[in-house]
Amino acid sequence: MQGPPRKIGFSHIQWPPVTDVIYPGRNPTLNYNLTWVFVHEVQPGDIIVAKRGAKEIVGIGIVTSDCIPPGHSDHPLGDKHEHQHARKVDWRVTESVQVDFNLGGQTVARENRWDAIVEAYQKRGINVYERLWSDQQPRIDVHEHLREDQQLPNGVPSLVRYFEAKGFRFTKEQVAAFYAALKTKGFVILSGLSGTGKTKLAQLFAELLCPCSKCHKSKEETEGEMQAESQKQTEGECKTCTHLFLSVRPDWRDSKALLGYYNPLTGNYESTPLLRFLQQACEDYKNNKDKANPYFVILDEMNLAHVEYYFADFLSVLESGRDEEGWTKEALRLHSFSQSLRDQDGNEIPPTLPLPPNLYIIGTVNIDETTYMFSPKVLDRAFTLEFREVNFSNYPPEGVDEEEAMRIAEQIRGEILGNLRNKGKFCAVVADKDEVRKALQALGDKGTELNDLNRILQPYDLHFGYRVLDEIALFVQNAINAPDVIGELNDNEALDYAVLMKVLPKFHGPRQKLEKPLREVLRWALCKNDSNKDAPSWVRNPDEAIDLRKISEALQNWELPKQLHQAQPATEQAENEPGGRAEQPTNAQQEQGNQTETTSDQATQVEAKGQSGASATKPFKGHFRYPNTAKKVLQMLRQLYETGFASFAQ
């Protein structure tokens with residue numbers, strides 16, 4: 001937050017059961033002026049005072065989002081909300097207090113009695129300023145403003161809050177999708193824009209679950225210990241850490257850099273940190289079974305070398321299936337001798353090494369001219385989560401709070417570990433036919449939609465097989481049943497991410513091959529109630545001719561309707577005219593009498609459409625039931641029209 005927030009307004013709130021938003025009045029025909037204030041004057045960083053009736057304050061918070069317009073697919077109450085606009089709020093004071101002055105009956109109003117409100121809380125022993133601006137005050141989680149019986153179990157903070165305390169901000173949907181993919185498959189690729197936190201997401205998650213004490217101490221506390229132990233063990237290795245970070249080198253041409261090799265000159269096996277780490281994971285699982293720790297291998301800049309060269313052995317073994325105990329049916333072949341060898345440190349190296357179910361592999365990928373493209377085969381073997389969206393409105397983060405991070409870690413580590421262990425199955429549950437059958441049955445109508453999608457893609461030879469269907473079903477099940485500390489996805493969000501990560505990676509080729517199937521997928525992603533009316537005709541009809549301009553305009557209007565983009569310059573122009581700021585309506589009668597002004601609620605009745613077919617009051621995203629899939633399809637279509645070629649990982 002840049003500077004202190006402005007002291008404006010309160011908003012009447014009805015506490016919703018699962019969200020942290022404030023709303024303007026219920027009746028848009030009687031509250032034009034209130035909605036005008038809510039949309040145009042309230043800004044991120046403002047203080048919001050929430051009241052109940054005329055004599056009770058129920059909360060104080062800081063606005064953390066721009067206005068979410070009606071019909072937006074991100075609206076916290078979905079398509080059936082009775083209110084018009086919404087803003088997210090970080091509630092810092094959640095206790096209620098009675099006041100001895102009249103708060104009035106307006107839904108949104110400027111509050112001129114701030115000092116009296118602060119004094120009322122002070123009498124209860126609550127320092128409002130300390131709650132709002134103290135560096136030690138944690139950011140209130142989405143559920144923390146609810147009644148006690150509506151809070152998360154034991155008030156446990158979330159994994160998202162842990163990342164924020166570490167100085168990194170990820171959306172709840174990103175974190176939930178990452179966790180569900182990791183639990184389902186055990187092999188996840190984080191792709192996208194450089195500098196979006198892909199590597200830190202993997203590192204921080206692995207450190208959170210690591211039993212090594214160094215991973216849960218501040219930098220200053222660990223520096224001395226690291227220096228003391230550096231003489232005792234191989235540099236960069238820790239005997240108790242359950243995560244290993246490897247930077248991929250461009251000269252990796254085979255698996256020797258990862259798994260080592262037999263040296264005929266010395267008669268020893270030249271071992272590697274990764275091989276020793278794999279043996280450690282195997283030993284842990286053999287000895288502890290369902291109490292074993294999860295082990296994480298992080299391959300940074302995974303595509304600096306050809307993945308198919310240095311990682312081919314792993315890809316084959318990971319897809320060989322699992323036995324009843326969770327081990328891969330095939331094993332990594334380390335050397336051709338029938339007996340075990342010794343490495344340079346005297347450790348035993350067997351001829352083969354199967355992979356245990358408690359091993360998780362996370363790769364990070366940046367796409368530029370210095371890297372190699374992934375083949376569809378590699379992408380098909382993993383869950384690929386993209387990080388392309390950036391939002392500077394909430395940047396920079398609040399800063400690093402190690403004490404808060406340690407407190408959160410202690411509260412959430414046990415629940416995440418228990419859930420990830422999955423009764424000893426870890427990521428091998430994909431081989432459990434009973435679990436897969438239950439997951440497939442639980443898909444219900446979503447299974448029918450997947451069947452429709454596969455039928456659409458089959459004529460283009462881009463359909464998917466049984467293995468992908470099994471993985472999608474398990475992912476959806478894991479995503480919608482995730483622990484509270486992780487955060488759940490609803491069934492639409494879960495299937496959206498599943499299709500994005502497991503179906504679209506197969507799309508790779510020229511315009512002649514991909515244009516028609518991509519447009520078929522775009523139509524499939526539409527909302528059911530939009531498929532025949534509100535959506536642009538070129539989305540509903542894949543045979544209708546389109547051009548690059550329509551696709552680009554659709555992406556430009558993805559988050560906000562076209563009219564809001566156009567309204568901003570007009571407002572700025574009015575503010576620069578003599579007399580200062582734009583004139584604001586003062587009451588409902590004046591608003592109804594002035595036919596030349598357009599308010600935000602009046603705009604909801606306008607159905608003007610731009611070249612892309614986007615409604616003037618509805619973001620293009622709002623047309624789709626599966627917006628992540630739809631946006632990726634539009635981006636790939638744009639690639640086709642610009643270069644004649646498209647790939648998922650481009």
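Residues numbered from 1 in each chain as written. Predicted model: local features only at pLDDT ≥ 70, side-chain atom pairs only at ≥ 80, totals over all residues. Heavy atoms only, no water.

### Some remarks on the sheet that holds strand β8 (residues 187–192)
Consideration 1: Spatial ordering of the open sheet is given by β9-β12-β17-β8-β18, a layout of five strands whose pairing is parallel. If you trace the sheet from one side to the other, it starts and ends with β9 (243–247) and β18 (383–387), each paired once. Each neighbouring strand pair of the sheet contributes to a mean axis angle of 20°, computed without reference to strand direction.
Consideration 2: Strand direction decides the pairing type here: β9 and strand β12 (residues 295–300), joined by five bridges, are parallel. By the bridge assignment, Phe 245 is partnered in β12 with Ile 298.
Consideration 3: The strands touched by helix α9 (residues 273–288) within the sheet are β9, β12 and β17 (359–366), with β12 carrying the most contacts at an inclination of about 160°. (Pairing = 2+ DSSP bridges. Helix = DSSP H or I, 4+ residues; strand = E, 2+ residues; numbered from the N terminus. Axes fitted to C-alpha atoms, helices over the stretch in contact; angles between N-to-C directions. Contact = heavy atoms within 4.5 Å.)

### Observations regarding helix α2 (residues 114–123)
Consideration 1: All of the buried residues in α2 are Trp 114, Ile 117, Val 118, Ala 120 and Tyr 121. Buried residues of α2 fall within an arc of 155° about the axis and therefore sit on the same side. The exposed residues of α2 that point more than 90 degrees off its buried face are Asp 115 and Lys 123.
Consideration 2: Positive backbone phi, at 80°, marks Gly 125, one or two positions downstream of α2. (Buried < 20%, exposed > 50% of the residue type's maximum accessible area, 1.4 Å probe, protein only. Arc of directions from axis to C-beta.)

### A closer look at the confidence of the model for the protein chain
Consideration 1: Looking at the protein chain as a whole, its pLDDT mean stands at 79, while 73% of the residues score no less than 70.
Consideration 2: Note that pLDDT drops below 50 for residues 136–156; the model gives that stretch 45 contacts with residues more than four away or on any other chain.
Consideration 3: Here residues 562–611 is modelled with pLDDT under 50, and outside its nearest four sequence neighbours on either side it reaches 75 contacts, counting other chains as well. (pLDDT = per-residue confidence, 0-100.)

### Brief notes about the packing of helix α20 (residues 548–556) against helix α24 (residues 627–643)
Consideration 1: The geometry of α20 relative to α24 is characterised by a closest axis approach of 10 Å and an angle of 145° between their N-to-C directions. For the crossing formed where α20 meets α24, the hand is left-handed. Residue-level inspection shows Leu 548, Ile 551, Ser 552, Ala 554 and Leu 555 of α20 in contact with α24, the latter providing Lys 631, Leu 634, Gln 635, Leu 637, Arg 638, Tyr 641 and Glu 642. (Left-handed = near helix turned anticlockwise from the far one by under 90°.)

### A closer look at the environment of Gln 98
Consideration 1: Along the chain, Gln 98 falls in strand β6 (residues 97–98).
Consideration 2: The class for Gln 98 is exposed, based on a relative accessible area of 54%.
Consideration 3: Taking the C-alpha atoms as reference points, Gln 98 and Glu 56, separated by 42 residues in sequence, lie 4.5 Å from one another.
Consideration 4: The contact partners of Gln 98, leaving out residues within four places of it in the chain, are Lys 55, Glu 56 and Ala 120.

### Some thoughts on the nonpolar core
Consideration 1: Counting residues in hydrophobic clusters, the biggest one holds 139 residues, and the most contacted among them are Phe 311 and Phe 475.
Consideration 2: The dominant element in this core, judged by the number of residues it contributes, is helix α5 (residues 172–185), at eight residues. (Core = buried A, V, L, I, M, F, W, Y, C linked by side-chain atoms within 4.5 Å.)

### As for helix α6 (residues 198–209)
Consideration 1: The terminal C-alpha atoms of α6, which comprises twelve residues, lie 18 Å apart, in line with the 16 Å expected from a rise of 1.5 Å per residue.
Consideration 2: Within α6, eleven of the twelve residues are buried, which leaves it mostly tucked inside the rest of the structure.
Consideration 3: Residues Lys 198, Thr 199, Leu 201, Ala 202, Gln 203, Leu 204, Phe 205, Ala 206, Glu 207, Leu 208 and Leu 209 constitute the buried set of α6. (Expected span 1.5 Å × (residues − 1).)

### Description of the side chain of Glu 56
Consideration 1: Within the secondary structure layout, Glu 56 lies in strand β4 (residues 56–63).
Consideration 2: Residues contacting Glu 56, with those up to four places away along its chain left out, are Ala 50, Lys 51, Ser 96, Val 97, Gln 98, Val 99 and Leu 103.

### Focus on the pattern of salt bridges
Consideration 1: Evaluated as defined, the whole model comprises 32 salt bridges.
Consideration 2: With a closest N to O distance of 2.8 Å, Glu 389 and Lys 631 form a salt bridge. On the criterion of sequence distance, the pair formed by Glu 389 in the loop between β18 and α13 (402–421) and Lys 631 in helix α24 is long-range, its members being 242 residues apart. (Salt bridge = Lys/Arg side-chain N within 4 Å of Asp/Glu carboxyl O.)

### Some points on the environment of Gly 418
Consideration 1: Structurally, the position occupied by Gly 418 is in helix α13.
Consideration 2: Judged by its relative accessible area of 43%, Gly 418 falls in the partly exposed class.
Consideration 3: Remark: the alpha-carbon pair of Gly 418 and Asn 293, spanning 125 residues in sequence, is separated by 9.9 Å.

### Looking at the packing of aromatic side chains
Consideration 1: Taken as a whole, this structure holds 21 aromatic pairs when the rule is applied.
Consideration 2: Ring centres of Phe 187 and Phe 311 lie 5.8 Å apart, and the angle between their planes is 45°; this geometry places the pair in the tilted category. Highlighted residues: Phe 187 in strand β8 and Phe 311 in the loop between α10 (307–310) and α11 (312–318), separated in sequence by 124 residues.
Consideration 3: When its relative accessible area of 2% is taken as the criterion, Phe 187 is described as buried.
Consideration 4: Judged by centre distance (5.5 Å) and plane angle (70°), the rings of Tyr 285 and Trp 327 are edge-to-face. Taken together, the residues span a long stretch of sequence, with Tyr 285 in helix α9 and Trp 327 in the loop between α11 and β13 (331–333) at a distance of 42 residues.
Consideration 5: Residue Tyr 285 is classed as buried on the basis of its relative accessible area, which comes to 4%.
Consideration 6: Taking relative accessible area as the criterion, Trp 327 reaches 9% and is therefore assigned buried.
Consideration 7: Cation over ring: Lys 502 sits above Phe 383, and NZ or CZ is 5.0 Å from the ring centre.
Consideration 8: Directly above the aromatic system of Tyr 641 lies the positively charged group of Arg 511, at a separation of 3.9 Å from the ring centroid. (Phe/Tyr/Trp six-rings, centres within 6.5 Å; stacked < 30°, edge-to-face > 60°. Lys NZ or Arg CZ within 6 Å of the ring centre and 35° of its normal.)

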